[in-house]
Amino acid sequence: MAATIGGTIRVDVTKGSFAGVYRGDFAYDDTHLTKVGSEFMTINGGGGNGIIPGLLSMNFRFLDFATGLNPVTYTASDVDGFPEYPLLAFENGIPTDFGLQIFSASGKDALMFGDPRSFNFALRNGTIGGDGSVTLEITEPTTEPTPVPENSSPFASLLAFLGLGAAHLWNL
């Protein structure tokens, strides 16, 4: 059965002026996943080259290219080569890597998710850069709605019936 599955992106930059943890999220539909071996997914699929459709969203909160001071949320549509990228890689049905690049208007600043699980960036007109490691984690799939518990106690049913009767008599 197909499911919409969400996950989190965690990037750990351990050195330099911009050391810290940066986060994002992603979601995909697993309809076309075989969950066997290596598979690759984009928004629309790859037009016959084995890349399947199903990536629904990708958001990543990092720093602006100009100053490196203001947090900005980058989305899948910001990625160079959209909608053929971002590319989400799977191993036996588990997401392992993102492949994407986002460039500034000047082309001197960028961020990149590469293989294996690496993150690289250049800010402030390319004068400052760094790298980090990427971890993808799955959150709970949403295959079925949460069931609503039903009241099965005869005593509770009797109280509800009496309450409705009293309400009816009150309105007369």
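Residues numbered from 1 in each chain as written. Predicted model: local features only at pLDDT ≥ 70, side-chain atom pairs only at ≥ 80, totals over all residues. Heavy atoms only, no water.

A. Broad picture of the packing of aromatic side chains. Under the criterion given, the structure shown has 14 aromatic pairs. Plain terms: the ring middles of Y22 and F62 are 4.7 Å apart, the flat faces sit at 70 degrees to each other, and that makes the pair edge-to-face. Separated by 40 residues along the polypeptide, Y22 in strand 2 (residues 20-29) and F62 in strand 5 (residues 55-63) bring together distant segments of the chain. Judged by its relative accessible area of 1%, F62 is buried. (Phe/Tyr/Trp six-rings, centres within 6.5 Å; stacked < 30°, edge-to-face > 60°. Helix = DSSP H or I, 4+ residues; strand = E, 2+ residues; numbered from the N terminus. Buried < 20%, exposed > 50% of the residue type's maximum accessible area, 1.4 Å probe, protein only.)

B. Structural detail: the nonpolar core. Ranked by internal contacts, the top residues of the largest apolar core, which has 33 residues, are I9, F62, F98, L111, F113 and F119. Taken together, the elements giving at least two residues each to this core come down to strand 1 (4-13), strand 2, strand 5, strand 7 (87-91), strand 8 (94-103), strand 9 (110-114), strand 10 (118-123) and strand 11 (128-138). Per-element tally for this core: the top contributor is strand 5, with five residues. (Core = buried A, V, L, I, M, F, W, Y, C linked by side-chain atoms within 4.5 Å.)

C. Representation of the pattern of salt bridges within the structure. Going through the model one piece at a time under the given rule, you end up with two salt bridges. The partner of R10 in a salt bridge is D12, and the shortest N-O contact between them spans 3.0 Å. Given the relative accessible area of 31%, R10 is considered partly exposed. One salt bridge connects K35 with D30, and the closest N-O pair in it is separated by 3.2 Å. Here K35 falls in the partly exposed class, since its relative accessible area comes to 42%. Judged by relative accessible area, D30 falls into the buried class, the value being 7%. (Salt bridge = Lys/Arg side-chain N within 4 Å of Asp/Glu carboxyl O.)

D. Representation of the pairing of strand 2. For strand 1 and strand 2, the ladder comprises 10 bridges, and the chain directions are antiparallel. Bridge pairing links D12 to V21 in strand 2. Count of turn residues in the strand 1/strand 2 antiparallel hairpin: six residues, of which G16 carries a positive phi of about 90 degrees. Inspection of the sheet shows strand 2 paired to strand 5 by five bridges, in the antiparallel sense. Residue pairing across strands places A27 opposite S57, the latter belonging to strand 5. (Pairing = 2+ DSSP bridges.)

E. Seen up close, the side chain of D12. By the secondary structure assignment, D12 is in strand 1. A polar contact of 3.0 Å, which involves the side chain of D12, links it to the side chain of R10. With residues up to four places along the chain from it excluded, the contact list for D12 reads G20, V21, D131, G132 and S133. (Polar contact = N/O pair within 3.5 Å; in protein donor to acceptor, adjacent residues only side chain to side chain. Contact = heavy atoms within 4.5 Å.)

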